[in-house]
Amino acid sequence: MFDRIQSFFQNLAHGGSSEDFAPDDLRVAIAALCFQVMEADGTVSNVERQRLRQLLQEHYQLSAGKLDALMDAGREAGREAVDYYRFTADIRRHLDEDKRIELIGILWDIVYADGERNEMEDHVIWRVADLLGVSVRDRVLQRQQAATHVNLSDEADSQKDVV
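What this report covers is the structure whose coordinates are included nearby. Fair warning: this is a prediction, and the values are worked out from it, not measured in the lab. (Residues numbered from 1 in each chain as written. Predicted model: local features only at pLDDT ≥ 70, side-chain atom pairs only at ≥ 80, totals over all residues. Heavy atoms only, no water.)

This part takes up the overall build of the protein chain. The secondary structure content of the protein chain amounts to 8 helices and 0 strands. Along the chain direction, N to C, the helices and strands of the protein chain fall in the order α-α-α-α-α-α-α-α. Burial statistics for the protein chain: of 163 residues in total, 45% are counted as buried. Within the protein chain, residue pairs in contact and separated by at least 24 positions form 74% of the contacts whose partners lie at least 6 positions apart. (Helix = DSSP H or I, 4+ residues; strand = E, 2+ residues; numbered from the N terminus. Buried < 20%, exposed > 50% of the residue type's maximum accessible area, 1.4 Å probe, protein only. Contact = heavy atoms within 4.5 Å.)

Spelled out as structure tokens, the structure:
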């Protein structure tokens, strides 16, 4: 799961580390969507926040201060947005279909980071996928893959407990 997420971020065309983040920066749009998915169920767990932070750090190799700035910019942009179109329009312009599908997979991975999934998170990802032009089939496949990763991790953890 981490390999897929890391690969996605590594392949993005916007890989620089600027001092500040413009509102139309692709990195901010992606972080904002991630925050909107994390906040959909009313709680943002530390596991979800740490997962996002780790992924952004690994890809963009930002200093702690710049990483905090990106996280803050994403969170703030997400709070100010009246809908998802602002972010999905930028993402759709910059990413091809395969990358957009991969982004949906990453959003599902973040949903499952805390081991739980609810209908509000489902709804947010459904809307985002629709706006990104990701088919229902691809959205469901990405969800199933993310769920499988969680189940495999749970099984591996339980195997460790047994030994």
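Here we take up unusual backbone geometry. Peptide bonds are trans in most cases, and residues, glycine excluded, mostly fall at negative phi. Located in the positive-phi region is Gln 61, a residue other than glycine, with phi close to 50°. Along the chain, Gln 61 turns up in the loop between α3 (46-60) and α4 (64-80). The class of Gln 61 is exposed, set by a relative accessible area of 64%.

Let us now look at the environment of Phe 35. Locating Phe 35 in the fold gives a position in helix α2 (residues 26-39). Judged by its relative accessible area of 1%, Phe 35 is buried. Along the sequence, Phe 35 and Arg 49 sit 14 residues apart, while their C-alpha atoms lie 8.4 Å from each other. Apart from residues no more than four positions distant in its own chain, Phe 35 is found in contact with Leu 52, Met 71, Gly 74 and Arg 75.

Attention shifts here to the packing of aromatic side chains. Here the structure, examined in full by the defined rule, presents 1 aromatic pair. Considering the side-chain rings of Trp 108 and Tyr 112, the 6.4 Å spacing of their centres and the 35° angle between planes classify their relative orientation as tilted. On the criterion of helical spacing, the pair formed by Trp 108 and Tyr 112 is a turn pair, its members being 4 residues apart in helix α6 (residues 97-112). Exposure class is identical for Trp 108 and Tyr 112. Each is buried. When the ring centre of Tyr 60 is taken as reference, the NZ or CZ atom of Arg 27 above it lies at 5.5 Å. Here the basic side chain of Arg 127 rests over the ring of Trp 126, its NZ or CZ set 5.5 Å away from the ring centre. (Phe/Tyr/Trp six-rings, centres within 6.5 Å; stacked < 30°, edge-to-face > 60°. Lys NZ or Arg CZ within 6 Å of the ring centre and 35° of its normal.)

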